[in-house]
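Read off the chains here:
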Amino acid sequence: MSVTIAQEPPRQDGVIRLLDLSDAYAASLYPAESNHLVDLSLLEKPSVSFFVARNEGPIVGCCALVEAGDGTAEIKRMFVDPQARGLRIASGLMNALEAIAREKRLTAIRLETGIYQPEAIALYRKYGYREIEAFGTYLPDPLSLFMEKRLG
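Now for a quick tour of the structure. (Residues numbered from 1 in each chain as written. Predicted model: local features only at pLDDT ≥ 70, side-chain atom pairs only at ≥ 80, totals over all residues. Heavy atoms only, no water.)

Quick look at the sheet that holds strand E4 (residues 72-80) now. One open sheet accounts for seven strands, arranged E1-E2-E3-E4-E5-E7-E6; its pairing is mixed. Looking along the sheet, the strands with just one partner apiece sit at the ends: strand E1 (3-7) and strand E6 (130-132). Sheet twist, expressed as the average angle between the axes of neighbouring strands with direction ignored, equals 30 degrees. Bridge count for E6 against strand E7 (residues 144-150) is three bridges, and the pairing is antiparallel. In the strand pairing of E7, Ile132 is matched with Phe146. Each of strand E2 (48-55), strand E3 (59-67) and E4 is contacted by helix H1 (residues 13-29), which is oriented at about 80 degrees to E3, the strand it contacts most. Strands in contact with helix H4 (residues 118-126) are E4, strand E5 (108-114), E6 and E7; relative to E5, the strand with the most contacts, it is inclined by about 160 degrees. (Pairing = 2+ DSSP bridges. Helix = DSSP H or I, 4+ residues; strand = E, 2+ residues; numbered from the N terminus. Axes fitted to C-alpha atoms, helices over the stretch in contact; angles between N-to-C directions. Contact = heavy atoms within 4.5 Å.)

The subject of this paragraph is the packing of aromatic side chains. For the structure on display, the rule yields five aromatic pairs. Ring centres of Tyr30 and Tyr116 lie 5.5 Å apart, and the angle between their planes is 15 degrees; this geometry places the pair in the stacked category. One end of the pair, Tyr30, is in the loop between H1 and helix H2 (40-43); the other, Tyr116, is in the loop between E5 and H4, and 86 residues separate them in sequence. Overall, Tyr116 belongs to the partly exposed group, its relative accessible area being 45%. Directly above the ring of Phe79 sits Arg85, whose terminal nitrogen or CZ lies 5.3 Å from the centroid. (Phe/Tyr/Trp six-rings, centres within 6.5 Å; stacked < 30°, edge-to-face > 60°. Buried < 20%, exposed > 50% of the residue type's maximum accessible area, 1.4 Å probe, protein only. Lys NZ or Arg CZ within 6 Å of the ring centre and 35° of its normal.)

Glancing now at the nonpolar core. Counting residues in hydrophobic clusters, the biggest one holds 28 residues, and the most contacted among them are Leu65, Ile75, Met94, Leu97, Tyr124 and Tyr129. Residue assignment for this core shows that the elements contributing at least two residues are E2, E3, E4, helix H3 (89-103), E5, H4 and E7. No other element matches H3, which puts seven residues into this core. Once residues within four sequence positions are removed from consideration, Tyr129 is found in contact with Ile75, Met94, Leu97, Glu98, Ile109, Leu111, Tyr124, Met147, Glu148 and Lys149. Counting residues in each nonpolar core, the second largest holds 14 residues, with Leu18, Leu40, Val48 and Val66 among its members. (Core = buried A, V, L, I, M, F, W, Y, C linked by side-chain atoms within 4.5 Å.)

Residues lying three or four places apart along an α-helix face the same way, a consequence of the helix completing one turn every 3.6 residues. Between its first and last C-alpha, H3 extends 21 Å over 15 residues, near the 21 Å set by a 1.5 Å rise per residue. Every buried residue of H3 is listed here: Ile89, Ser91, Gly92, Leu93, Met94, Ala96, Leu97, Glu98, Ile100 and Ala101. Downstream of H3 by one or two residues, Arg105 has phi in the positive range, about 60 degrees. (Expected span 1.5 Å × (residues − 1).)

Our next topic: the packing of H3 against H4. Relative to each other, H3 and H4 sit at 45 degrees, their axes nearing to 11 Å. Taken as axis vectors, H3 and H4 run oblique relative to one another. Both H3 and H4 take part in a crossing whose hand is right-handed. Each of Ala90, Ser91 and Met94 in H3 lies in contact with H4, whose residues at this interface are Leu123, Tyr124 and Lys126. Residue composition of the contact of H3 with H4, grouped by class: four nonpolar, one polar and one charged. (Parallel < 35°, antiparallel > 145°, perpendicular 65-115°, else oblique. Left-handed = near helix turned anticlockwise from the far one by under 90°. Nonpolar A, V, L, I, M, F, W, Y, C, P; charged D, E, K, R; others polar.)

The values reported here are purely geometric and, on their own, carry no functional implication.
Structure (C-alpha cells):
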C-alpha cells in the first residue's frame, strides 16, 4: 500500500466525508458544549495548512494546523478513516504538520482533545506533547485535555 500526505484544499468530497465521520464520532462521545469542531470555511483560511492522507488515491486521513498569529498554532480536525487505521497515517500527518510548523518557525503547537480518546492522547504524548491549561478562547472543561509541544 502506498500512503501519501500532502497539502490539499479541504473542500473536496473525501475530506467532507471524513469531517462528517469525525463529527459523528465526537458527538457519540461528548455533549455539544464540549465539542470544539471547526467548519470547512475556517479550514480554507490562509492561516491554515491543511493536510490530506491518501491510500493509493482515496482520502483516508486529514488534519489542519491553524496559526494563532502569535507564533503558535493549533492542531484541528485530525482524523483517520476507521477503515484505514493501523497504517500509521496519524503519525504521517503529525510529521507533516510538525515539519510545516518548523518551516514557519512557530514556537509551539497546541491542541485540545477529549478525555475519552486514549489513542489520540497516546499519539500526542508519543510526539512529545504535554498537558497544559486551557489556552486561547477555550474554557476549562473536565472532558477536554489541552496539550502543547514547544518547538525549537
